[in-house]
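Spelled out from the first residue to the last, the chains are:
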Amino acid sequence: MRRLGLVVAVSAFAVTAQAHAATLTVSPTQFSPRHATLLVSARLTVRRQVGVGLATPGGRTLGWIVAPSRRRILDLGWDGRIAGKRVPDGNYVVRLVYRSAVLASAPLRIDTHAPQLVDLHADNGSTPFTGDGPLLTTVSPNGDGFRDKVNVSFDLKEPATVTMDVTRTVKVPKILSTVTARFGRGLHTMTWAPTSNLNPRTYLIRFTTLDAAGNRGTYGAPNAFVGREPRGVVVRLQGIDAAFNKPSYLPGEVAQIRVATDEPELTYRVFHSGPEQVVTYADNQFAGVDVGAPPVTVNWSSWRDRSHVITFHVPTVASGLYYVQFGGPDGRVGYAPFVVRPTILGLSSRILVVLPTNTWEAYNFEDVNGDGYGDTWYAGPPNRTVLLSRGYTARGAPPRFYRYDLPFLHWFYWSGKSAEFISDSDFDSVTVGDELARAYDLIVFEGHEEYVTQHEYDVVERFRDLGGNLMFLSANNFFWKVDKSGQTLRKIGKWRDAGRPEVRLIGVQYRANDDGQRQGLYTVQSAATAPWLWDGTGLADGAQFGQFVGGYGIEIDATTPESPPGTLVLAQIPDLFGPGIGPQMSYYETPAGAKVFAAGVLDFGGSATFWPIKRMLDNLWARLSQP
């Protein structure tokens, strides 16, 4: 009889337990309300007056996630707040409560902080180069075992997934290489071994940390327009980095070249850019004609850890663009371009060609201070200046030189033309425009003459007013006003906002830019009004040209009501960037006899060696080179 009673009692207990059985789940168990909603799910076998509360691990109740109500199933999303206030980070217990009984519970960690990388630092596995520090290291990946790779070490404060992105920066980082690894808390190292074909410049290594709660931390600025914190690691990939301390020199002048490399030995020669019968198709290459001076070899072993200045005697050569080509035993090459200006203005030619060295440096993303972004206003604030004494990225070749400037030089030399050359900086030595007018009949701005000092604007305008002829073979010229102090340019503002719209000088002015997304063909419309330009080209009104280079555009100019009286539109690309927005090629003459031509598109000079452009340039040269 007693045995039967025992069985009945057990059965009664089982029924009671089944009536109160419940399950509770939370997801994710590591929860950041900044990145997710906590999913809370409860199931009961019978309907009860239950609620879900939050408590400390010690059992102290903090409040209701959802207040008690009669229910059997519960599914909700929680935002991490109790009574409207955010629950602090920490460990908690989520409890399913019936009256005073806890039917089920689940652990929860609230974490809203990104995993931290502490003591982030880099090294090259060898000796540092001068200027290196914890967040800047120099490498030269030539396979000799010396500075071939980057080791980045850090102390990770909690388990996380760490992603290392090696980026090339302009305005935003462009990822070149990515490595991702899952690490526990503690000290770790990640390595980047650059390939030898990367251009010398700085590369920004950005780190991203991601924990189980979804919190993400980033080290290294995401773009050039925000603060540089938190700092990332910057790697200076060194080739043979060389630069003159100013853009131009007189023949026979003593110059200085600053060189940074870990080559044990250097050999250098001097070349003239333009006369060579070779077409260059890469932005990191020069090809030229050797000026005939014997090569010079220098033992560089004493300066492998720091930059050094060498004295260079400018050869006695004709005015033009030249470069010093450096080479090392491992095959690396570096270039240092310079302009040789005339000893006396107008002595050898009545034509002057201006090389746009200000614009070259403005578009130069060389990173001297090692923050990962170029030292130019194109890399965003706080940069408001550029240095004219910096070497260029891409082994020393000026940006876009091979596309926009070199084709003109090829046409110039291949067609047997004669002129003198100066850099933008050389206008400093011209006192007044009258001096230019006495020396020259024509000034050619062969490239993108975008950045102009007040003195340059004044003397060129005076030259025009005295009857001097001008030729602009690009677009967006005389657009920005800059001040020059020593070898530093500071951007001030637009010339048109200063009351001197460039259209009054050029005939057209900057209208729009779409970075080359739409290119179009010029249509001739001046065969009767300017027959001299089209002579021998086979082009008549309505004919189009530009097919041979894929069309024109990128940055475009157009006439305005302030264009000089009588300005002719020689050709145009109607509606290239939209209704009423298209480039115009222009020409005008002044009562004083000045003749001014403007191409109207950024890449016109880049087509100088193609037919019919080379014929058009011959015609322009013949007409504008005459007083």
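Residues numbered from 1 in each chain as written. Predicted model: local features only at pLDDT ≥ 70, side-chain atom pairs only at ≥ 80, totals over all residues. Heavy atoms only, no water.

Trainee: Tell me what's going on with the packing of aromatic side chains, and back it up with residues and numbers.
Mentor: The tally for this structure, following the rule as stated, stands at 44 aromatic pairs. Summarising the aromatic geometry, the rings of Tyr413 and Phe421 are spaced 6.4 Å apart at their centres and angled 5 degrees between planes, so their arrangement reads as stacked. Accessibility expressed as a relative area gives 0% for Phe421, which makes it buried. When the centroid spacing of 5.6 Å and the interplanar angle of 35 degrees are considered together, the rings of Tyr522 and Phe545 count as tilted. On the criterion of sequence distance, the pair formed by Tyr522 in strand β37 (residues 522–524) and Phe545 in strand β38 (residues 544–545) is long-range, its members being 23 residues apart. Since its relative accessible area comes to 0%, Tyr522 is described here as buried. Among the residues examined, Phe545 registers a relative accessible area of 1% and is labelled buried. What links up through ring pairs into an aromatic cluster is the set Phe244, Tyr249, Tyr268, Phe312, Tyr322, Phe326 and Phe338. (Phe/Tyr/Trp six-rings, centres within 6.5 Å; stacked < 30°, edge-to-face > 60°. Buried < 20%, exposed > 50% of the residue type's maximum accessible area, 1.4 Å probe, protein only. Helix = DSSP H or I, 4+ residues; strand = E, 2+ residues; numbered from the N terminus.)

Trainee: Go over the pattern of salt bridges, please, and point to the residues and values.
Mentor: Side-chain pairing between opposite charges can occur once the charged atoms of the two side chains come close. In the structure shown here, the tally under the stated rule is 24 salt bridges. For the salt bridge of Arg269 with Asp290, the shortest nitrogen-to-oxygen distance reads 3.4 Å. Here Arg269 is found in strand β21 (residues 265–273), whereas its partner Asp290 is found in strand β22 (residues 288–290), with 21 residues between them in sequence. Since its relative accessible area comes to 30%, Asp290 is described here as partly exposed. Salt bridges sharing common partners tie together Arg147, Asp262, Glu263, Asp305, Asp330 and Arg332. (Salt bridge = Lys/Arg side-chain N within 4 Å of Asp/Glu carboxyl O.)

Trainee: Quick rundown of the side chain of Asp148? Include the residues and the values.
Mentor: As for its placement among the helices and strands, Asp148 is situated in the loop between β10 (136–139) and β11 (150–156). For the buried Asp148, no salt bridge exists, and the shortest N-O distance to an oppositely charged side chain is 7.8 Å, to Arg332. Engagement of the side chain of Asp148 in a polar contact is seen with the backbone nitrogen of Asn142, the distance being 3.2 Å. At 3.2 Å, the side chain of Asp148 forms a polar contact with the backbone nitrogen of Asp144. (Lys, Arg positive; Asp, Glu negative; His and termini not counted. Polar contact = N/O pair within 3.5 Å; in protein donor to acceptor, adjacent residues only side chain to side chain.)

Trainee: Requested: an account of a nonpolar patch on the surface, with residues and values cited.
Mentor: On the surface, Val279, Tyr281 and Trp414 cluster together into a nonpolar patch covering about 350 Å² of accessible area. Mapped onto the elements, Tyr281 comes out in the loop between β21 and β22. (Patch = residues over 30% accessible without salt bridge, like charges linked within 9 Å, V, L, I, M, F, W, Y side chains within 5 Å. Areas by Shrake-Rupley, 256 points an atom, 1.4 Å probe, with all protein chains shown as cover.)

Trainee: Lay out the environment of Ser389 with the relevant residues and their values.
Mentor: Looking at where Ser389 falls in the secondary structure, it is placed in the loop between β28 (385–387) and α3 (401–414). Its relative accessible area of 30% is what places Ser389 among the partly exposed residues. Spatially, the C-alpha atoms of Ser389 and Gln487 are 6.3 Å apart, while their sequence positions differ by 98 residues. When neighbours within four sequence positions are excluded, Ser389 is seen to be in contact with Ala243, Phe244, Asn245, Glu361 and Gln487. (Contact = heavy atoms within 4.5 Å.)

Trainee: How would you explain the environment of Arg109 if you had to name every residue and give the values?
Mentor: With respect to the helices, strands and loops of the structure, Arg109 is situated in strand β8 (residues 101–110). Among the residues examined, Arg109 registers a relative accessible area of 34% and is labelled partly exposed. C-alpha of Arg109 to C-alpha of Asp89: the two residues are 20 residues apart in sequence and 7.4 Å apart in space. Sequence-distant contacts of Arg109, that is, excluding residues within four places in its chain, are made with Thr29, Gln30, Phe31, Gly90 and Asn91. Polar contacts involving the side chain of Arg109 include one to the side chain of Asn91, which spans 3.2 Å.

Trainee: Lay out unusual backbone geometry in plain terms, naming residues and giving numbers.
Mentor: A negative phi holds for most residues other than glycine; trans holds for most peptide bonds. The linkage connecting Ser27 with the following residue, Pro28, adopts the cis geometry, with an omega of 0 degrees. Note that the residue after Trp611, namely Pro612, is joined by a cis bond; omega there is 5 degrees. The residue Pro612 is located in the loop between β43 (595–598) and α8 (613–624) in this model. Of note in the backbone geometry, Arg400 takes a positive phi value of approximately 65 degrees without being a glycine. One can find Arg400 in the loop between β28 and α3. Arg400 sits in the partly exposed class, given a relative accessible area of 37%.

Trainee: Give me the lowdown on the nonpolar core, citing residues and values where you can.
Mentor: Here is a general trend for soluble globular proteins: nonpolar side chains tend to be buried in one another's company. Among the nonpolar cores identified, the biggest contains 55 residues, and Phe545, Met585, Phe597, Phe604 and Trp621 are the most heavily contacted of them. Ignoring anything within four residues of it in the chain, the contact list for Phe604 reads Leu473, Phe545, Tyr552, Met585, Ala599, Ile613, Met616 and Leu617. Counting 26 residues, the second largest nonpolar core, distinct from the first, contains Val26, Leu38, Ile82 and Val94. (Core = buried A, V, L, I, M, F, W, Y, C linked by side-chain atoms within 4.5 Å.)

Trainee: Run through helix α5 (residues 454–465), naming residues and quoting values.
Mentor: Helix length check: α5, at twelve residues, gives a terminal C-alpha distance of 16 Å against a target of 16 Å (1.5 Å per residue), a fit within 8%. Listing the buried residues of α5 in full gives Glu456, Tyr457, Val459, Val460, Phe463 and Arg464. In the stretch just after α5, Gly467 is the one whose phi turns positive, near 100 degrees. (Expected span 1.5 Å × (residues − 1).)

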